[in-house]
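Working through the structure, step by step
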Amino acid sequence: MSLRLGYGTNGLTDLRLDDALTLLADLGYDGVGLTLDHMHLDPMTPGLAARTRLVARRLDRLGLEVAVETGARYVLDPRRKHGPSLLDPDPEQRAVRTGLLVRAVRVAADLGAHAVHCFSGIRPPGMPEDTAWKLLAHALGPVLDAAESAGVPLAVEPEPGHLLATLADFHRLRTELGSPAVLGLTLDIGHCQCLEPLSPADCVRAAAPWLRHVQIEDMRRGVHEHLPFGDGEIDFPPVLKALAGTGYRGLTVVELPRHSHAGPELAARSLQFLREGGRR
């Protein structure tokens, strides 16, 4: 098939990073969605540049492409999932998240990644929506500058429950920022099934001009739960056909962050499912 397939390390957290990369290469994946986290290329501990060089060499030896993902749950705060966010009421806390994303851009450049993924965060209670959008645009400014300098696209993901939850929200942010060329989209196929008015295949076609990164898994309508292929409701052959038809050449990364206990088995099953065209 024409798609370049990867698997997310957030679904392999029971494995050391080198073991996870070796597994994916042995299975025949084209690449990896690398979530920067305490167990996989920790972005918050000393020696990041040297450790990144080692990972870059390992990826090269294994022939794996890479996208850098930033959805680690507690990498910044051990008590707040995904906190602090780009929408934190405290400007110093927002700056902590911005700093992490700038660091992720540098890591991505050093790894030769095709994109850096991020998301908006949840609008805090009591914060007016217009204020939240202004804070988001301002907080992303340094990240976009870093991405432009590094030549690595920033791919924002619409995330259920977040301020930026839908494709329409992505376009609102793009307009707010003046449509910078470096700003692209992470499209999660399961999220399309969960809450978009269009079918997942139609979402792919609508998103094609801005597509910089793709995540894929099964899901049910109205339920934000990442499921192994076959356990949800998505009709995958039209989705895979639509993706191939866009000419998108980045990675399409399987994202099963709550299934790490069965990561090696699911990585093998997922690759077979996608290579066979997504037929149940």
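Residues numbered from 1 in each chain as written. Predicted model: local features only at pLDDT ≥ 70, side-chain atom pairs only at ≥ 80, totals over all residues. Heavy atoms only, no water.

Estimates place the volume of the largest pocket at around 820 Å³. Around the largest pocket, the lining comprises 38 residues; the ones closest to its centre are G71, R73, K81, H82 and F119. Per-element accounting of the lining of the largest pocket gives the leading share, three residues, to strand β9 (residues 223-227). Grouping the amino acids of the lining of the largest pocket by side-chain chemistry returns 12 nonpolar, 14 polar and 12 charged. Surrounding the second largest pocket, L17, D18, L21, M39, H40, L41, R51, L54, V55 and R58 form its lining. Residue assignment for the lining of the second largest pocket shows that the elements contributing at least two residues are α1 (17-27) and α2 (48-62). (1 Å grid on protein atoms, 1.4 Å probe; cavity = no way out; pocket = protein on both sides within 12 Å on 5 of 7 lines; lining within 4 Å. Points joined across faces, edges and corners; volume = space filled by probe spheres on them. Helix = DSSP H or I, 4+ residues; strand = E, 2+ residues; numbered from the N terminus. Nonpolar A, V, L, I, M, F, W, Y, C, P; charged D, E, K, R; others polar.)

The subject of this paragraph is the packing of helix α7 (residues 200-207) against helix α8 (residues 236-246). For the pair α7 and α8, the least separation of the axes is 8 Å and the interaxial angle reads 10 degrees. One element, α7, and the other, α8, form an angle in the roughly parallel class. Counting all contacts with α7, which are made through P200, A201, V204 and R205, the residues of α8 involved are P238, V239, A242, L243 and T246. (Axes fitted to C-alpha atoms, helices over the stretch in contact; angles between N-to-C directions. Parallel < 35°, antiparallel > 145°, perpendicular 65-115°, else oblique. Contact = heavy atoms within 4.5 Å.)

As a further point, take α2. Under the 1.5 Å per step criterion, the end-to-end length of α2 is 21 Å for 15 residues, consistent within 8% with the ideal 21 Å. Taken together, the buried positions of α2 are occupied by L48, T52, V55 and L59. Burial along α2 is one-sided: seen end-on, the buried residues are contained in an arc of 65 degrees. In α2, the exposed positions that point more than 90 degrees away from the buried face belong to L54, D60 and R61. Looking at the buried side of α2, the elements it contacts are α1, β2 (31-35), β3 (65-69) and α3 (91-111). Immediately downstream of α2, the backbone of G63 shows phi near 70 degrees, a positive value. (Expected span 1.5 Å × (residues − 1). Buried < 20%, exposed > 50% of the residue type's maximum accessible area, 1.4 Å probe, protein only. Arc of directions from axis to C-beta.)

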